[in-house]
Every structure is written in structure tokens, then in C-alpha cells.
Amino acid sequence: MIWQNKKVLVMGLGSTGVSLLSFLAQTEAQAAGYDEHLSEERREALQQQFAVPLFSGSLNNELLSQFDILALSPGVSERLPVFAAFKAAGGQIIGDVAILADLLIGSGSKVIAITGANGKTTTTSLVGFLCERCGLDTVTAGNIGTPVLDAYLARQGKAADVWVLELSSFQLETTENLNADAAVVLNISEDHLDRYDDLLDYAHTKDRIFRGQGVQVLNADDVFCRAMKRPDRTVKWFSLKETTDYYWQDGALFADKDMLLPQNELALQGRHNAANVLAALALCEAIGLPRDALLRHVRDFKGLPHRVEKVADIGGVCFIDDSKGTNVGATCAAIEGFDMPLVLIAGGLGKGQNFTPLAAALRHKARAVLLIGRDAAQIGAVLNGEGYPIEYADSLETAVERAYRLAQSGDAVLLSPACASMDMFRDYAHRSQVFIEAVYRLQAA
């Protein structure tokens with residue numbers, strides 16, 4: 001991209017917006033920043049850091065018409081009506097991932113891109129871990145925590161062997177052509193339906209990750225993913241149900257009909273994590289990493305906090321933290337990954353989801369369900385009549401205590417809310433912290 005004399009407005013001044021301003025400061029662009037809500041303290045801090053014009057309040061065409069390019073943070077939807085006139089007048093809308101893709105052209109760096117409704121952070125972390133262990137100079141960035149342009153600037157012009165990118169649907173909205181060497185959509189389930197028209201619309205946005213010529217890694221068990229197969233492209237399938245390129249069968253992982261390793265040799269718990277491992281292996285092999293080395297190192301990956309993580313055993317009851325299970329698909333995957341009876345703790349902000357799939361996932365597995373948060377009653381209505389106790393708690397601490405009383409030895413108490421957390425907590429990590437502290441109090445009693 002040519003930045004010289006371009007007038008660029010950075011929309012949204014969170015971590016990604018700040019990374020965009022940092023990048024633009026290294027170019028000859030004329031940058032400015034916008035955030036709908038900008039406190040005086042925040043404005044002063046940004047002004048000292050960047051010395052650029054800053055705007056806030058309602059968006060209008062008069063403001064946007066002053067700029068050639070809008071650089072959107074993921075939290076700002078390109079679908080806002082005010083952007084239609086801007087694009088019609090010839091304005092360009094981009095995001096940080098699109099800028100990175102342009103910067104990497106001709107660099108010699110490979111790109112592995114990962115998205116999906118569930119499992120993308122675990123898979124991204126695993127792929128980054130495997131690439132590093134196999135000796136590649138690896139950058140892991142994106143939705144996983146480090147904005148991609150911060151990661152780029154930190155390298156001070158040094159090319160990486162591979163970029164491993166976790167991408168949300170929000171980031172893909174403004175990514176025209178990443179052209180990743182290997183990319184995966186792990187799965188599609190209801191999430192962010194307050195931003196998209198419907199599930200198909202959401203899936204179409206995820207599908208943008210495959211624009212280019214690289215290897216497609218696809219979930220054979222997901223009808224939306226199967227539909228993403230593109231002609232004249234190399235495709236690698238993974239499955240928990242069928243014999244495909246990479247698959248799970250009888251407690252072991254296979255590829256090309258060869259047994260790779262028993263799942264019990266992995267630190268990651270649950271069959272849904274077997275799918276994440278299969279996808280990770282497919283992505284790594286797609287860029288040429290040797291299978292024997294990958295299988296040596298995959299056993300050493302310990303997983304991530306708050307993602308189906310064992311907290312404690314108390315009186316034969318296993319407590320599992322899956323606070324990162326913030327949508328129905330993630331919670332269903334967590335439930336289906338266990339063979340023992342479960343006491344589920346769920347609830348919070350439902351984000352307009354359909355909770356019906358929880359009923360089938362819990363059938364023949366639920367000992368009881370404890371519900372918390374704003375949309376608890378919606379979940380309760382779906383599960384009513386399923387034949388196990390459904391109770392409501394006014395706090396997570398109360399739910400943990402009651403769940404332990406309802407559980408029997410050999411059961412698991414699973415926190416997997418299927419909801420966002422901000423009605424009761426700062427974020428999913430705070431929710432996890434409250435859960436773990438409540439479990440430790442039980443253990444000490």
C-alpha cells in the first residue's frame with residue numbers, strides 16, 4: 001500500500017487501534033483517531049503518545065469525507081450505514097490484518113491462519129508451539145492477544161519464518177486477501193448473531209480466510225465447513241466421526257490410516273481438543289513440518305487457562321474450568337468431550353443465541369444444571385423437562401457449592417457458561433478466577 005499523503009482515520013482506539021496508530025506513525029500517512037467514547041484522560045494520553053487529531057461522539061458523513069482510508073478496529077462493524085456513502089465516494093476501508101498481508105508480500109514468510117467459532121485460541125497456540133519446537137522463527141499474533149502490527153513493528157524489519165494468526169470474524173470482515181499458505185475454519189456455531197444477519201452470514205465471513213491459493217484445512221463433521229471447499233485447491237480434512245485425512249477413532253489420533261498417538265498421551269482433555277490437535281497437525285504438515293517431530297512435541301503442549309482445565313478433585317468430584325466457553329457451540333463441545341456424568345454451571349449474556357443444542361448435548365450426561373446470570377431463564381426454558389434438576393443461583397460461588405452437593409463421586413462439575421460474562425464479571429478470566437477460588441474454598445473446608 002502507498003501511504004504517502006493519505007489521510008487515514010483509525011476507528012476504535014483499543015489495543016488494535018493503538019497498534020494501527022503506531023504503525024501509521026512509521027509511514028508518511030496523515031493519521032487521526034476516532035472512538036465513540038473518549039474520556040479526557042484517555043484523549044490526553046493518546047495525544048501525548050501520537051500527536052494526532054482525535055475525534056469522538058456520533059459518526060457522520062462530514063467527518064468521514066475528510067479521509068481517504070478508514071482503518072477499522074475489530075469492534076467497529078464495516079456494515080454501519082454511515083460507511084456505505086464513504087465507500088460509494090471512493091473511500092477505502094481496511095483492517096490491521098489486511099495491512100499485515102500487504103507487508104508480508106515478498107518477505108518469504110509463511111502464513112498459517114486459524115478461525116472458527118470454538119477452539120481457535122487453543123489451536124493457534126498449539127500451532128505456534130509446534131512451529132517453534134520444530135525450529136522455525138515463529139510469530140503468533142492476532143485475536144489471541146498481540147495485535148498483528150505490534151508484532152510486526154517489534155521485529156524491526158526482520159522477516160519471520162512463519163506467522164501464526166488467530167483471526168476472528170470481525171478481523172476477516174476487513175481482510176480482502178490474506179493468501180495464507182495454510183488456513184482452517186475449525187467449526188461454525190452460533191456466535192455474534194447480534195452482528196450478523198444469521199448463521200449463514202457468519203459462516204460466509206469466516207470463509208474469507210480461504211481467499212488465496214493455500215491449503216484448506218476443513219472440518220468434515222461440520223456442514224458449513226464442508227461447503228467451504230474450493231475448486232482447484234489442496235484440501236486436508238479432519239474428523240472425529242469419519243476416516244478422512246486426519247481423524248479420531250477408538251481413543252487415538254490417525255492420519256492417512258496410520259495411528260499417530262493415543263489421545264491419553266495428550267495433556268489436552270476432551271474429544272473436541274482431539275479435533276483441535278488434528279487440525280494443528282494438518283496445518284503444520286501443510287507448510288512442510290515433519291510428522292515425526294510434530295508427534296514428539298505435541299505431547300508437551302499443556303493447553304491454555306480457562307479452556308477445559310482441571311482445577312481440583314474433591315471427594316471424587318472433578319472440577320473443570322471452561323470459562324472460555326462463551327457460546328453454545330463451545331459448551332456443547334466441552335460436554336461431548338466427557339464420558340462421566342456432569343453437573344453443568346452455565347449462564348450469563350446470551351448474545352441472541354439459540355440454546356436448544358444444549359439439551360441434546362446434556363441428554364444422558366447431566367446429573368444437574370446450575371444456572372446464573374441475566375439469560376439463565378432462557379437456558380432453563382430449553383432444558384426444562386429433560387429429567388434432571390435445574391436450579392438457579394444468584395452468584396457463581398453459590399452455584400459451585402450447590403453443584404458439589406448435587407454431584408456424586410466420579411462426576412465432574414463443569415463451568416462452561418455458553419454465554420459472555422460481562423453481566424456479572426469483568427471478563428471470562430475474572431469469571432474463571434471466581435470459580436477457582438470457590439472450588440479452593442470447598443477443598444479447604
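Computed from a predicted model, the values in this text were never measured in an experiment. (Residues numbered from 1 in each chain as written. Predicted model: local features only at pLDDT ≥ 70, side-chain atom pairs only at ≥ 80, totals over all residues. Heavy atoms only, no water.)

### Some details on the overall build of the protein chain
Piece 1. Check the secondary structure of the protein chain and you find 17 helices and 20 strands.
Piece 2. Its C-alpha radius of gyration of 23 Å places the protein chain within 12% of the 22 Å reference for a compact globule of 445 residues.
Piece 3. Along the first, second and third principal axes, the C-alpha set of the protein chain runs to 70 × 50 × 40 Å.
Piece 4. In the protein chain, 65% of the contacts between residues at least 6 apart in sequence involve partners at least 24 apart.
Piece 5. Total accessible area on the protein chain stands at roughly 18600 Å², and carbon and sulfur atoms take up 47% of it.
Piece 6. Computed over 40 positive and 54 negative side-chain charges, the separation of the two mean positions in the protein chain equals 3 Å. (Helix = DSSP H or I, 4+ residues; strand = E, 2+ residues; numbered from the N terminus. Rg over C-alpha atoms; globule rule 2.2 N^0.38 Å. Contact = heavy atoms within 4.5 Å. Areas by Shrake-Rupley, 256 points an atom, 1.4 Å probe, with all protein chains shown as cover. Lys, Arg positive; Asp, Glu negative; His and termini not counted. Charge placed at Lys NZ, Arg CZ, Asp CG, Glu CD.)

### Some remarks on the layout of surface pockets
Piece 1. Taken as a whole, the second largest pocket spans an internal volume of roughly 210 Å³.
Piece 2. Lining of the second largest pocket is provided by 13 residues; of these, Gln269, Gly270, Gly337, Phe338 and Asp339 occupy positions nearest its centre.
Piece 3. Listing elements by their share of the lining of the second largest pocket, those giving two or more residues are β15 (309–314) and β16 (317–321).
Piece 4. For the lining of the second largest pocket, the residue count by class is 5 nonpolar, 4 polar and 4 charged. (1 Å grid on protein atoms, 1.4 Å probe; cavity = no way out; pocket = protein on both sides within 12 Å on 5 of 7 lines; lining within 4 Å. Points joined across faces, edges and corners; volume = space filled by probe spheres on them. Nonpolar A, V, L, I, M, F, W, Y, C, P; charged D, E, K, R; others polar.)

### Brief notes about the sheet that holds strand β2 (residues 30–34)
Piece 1. Ordered in space as β3-β2-β1-β4-β5, the 5 strands form an open sheet in which the pairing is parallel. The sheet is open, and its two borders are formed by β3 (54–55) and β5 (92–94), each paired with just one other strand.
Piece 2. Where β2 meets β3, 2 bridges bridge the pair, whose relative direction is parallel. Each residue of the ladder has a partner; that of tyrosine 34, found in β3, is phenylalanine 55. (Pairing = 2+ DSSP bridges.)

### Quick word on the packing of helix α16 (residues 396–406) against helix α17 (residues 428–444)
Piece 1. Two elements in contact, α16 and α17, have axes whose closest approach is 9 Å; the angle formed by their N-to-C orientations is 45 degrees. Looking at the two axes, α16 sits oblique to α17. Viewed along their axes, α16 and α17 form a crossing whose handedness is right-handed. Taken together, the residues of α17 that come into contact with α16 (itself represented by Leu396, Glu397, Val400 and Tyr404) are Arg431, Val434, Phe435, Ala438, Val439, Arg441 and Leu442.
Piece 2. Residues that form the contact of α16 with α17 fall into these classes: 8 nonpolar, no polar and 3 charged. (Axes fitted to C-alpha atoms, helices over the stretch in contact; angles between N-to-C directions. Parallel < 35°, antiparallel > 145°, perpendicular 65-115°, else oblique. Left-handed = near helix turned anticlockwise from the far one by under 90°.)

### Notes on the packing of aromatic side chains
Piece 1. Tallying each qualifying case throughout the model produces 7 aromatic pairs.
Piece 2. The interplanar angle of 10 degrees and the centroid separation of 5.1 Å between the aromatic rings of tyrosine 247 and phenylalanine 254 together place this pair among those described as stacked. Comparing tyrosine 247 with phenylalanine 254, the two get one shared label, buried.
Piece 3. Taken together, the ring pairs in this structure connect Phe170, Tyr196 and Tyr202 into an aromatic cluster.
Piece 4. Above the ring of tyrosine 428, the side-chain terminus of lysine 324 is found at 5.4 Å from the ring centroid. (Phe/Tyr/Trp six-rings, centres within 6.5 Å; stacked < 30°, edge-to-face > 60°. Buried < 20%, exposed > 50% of the residue type's maximum accessible area, 1.4 Å probe, protein only. Lys NZ or Arg CZ within 6 Å of the ring centre and 35° of its normal.)

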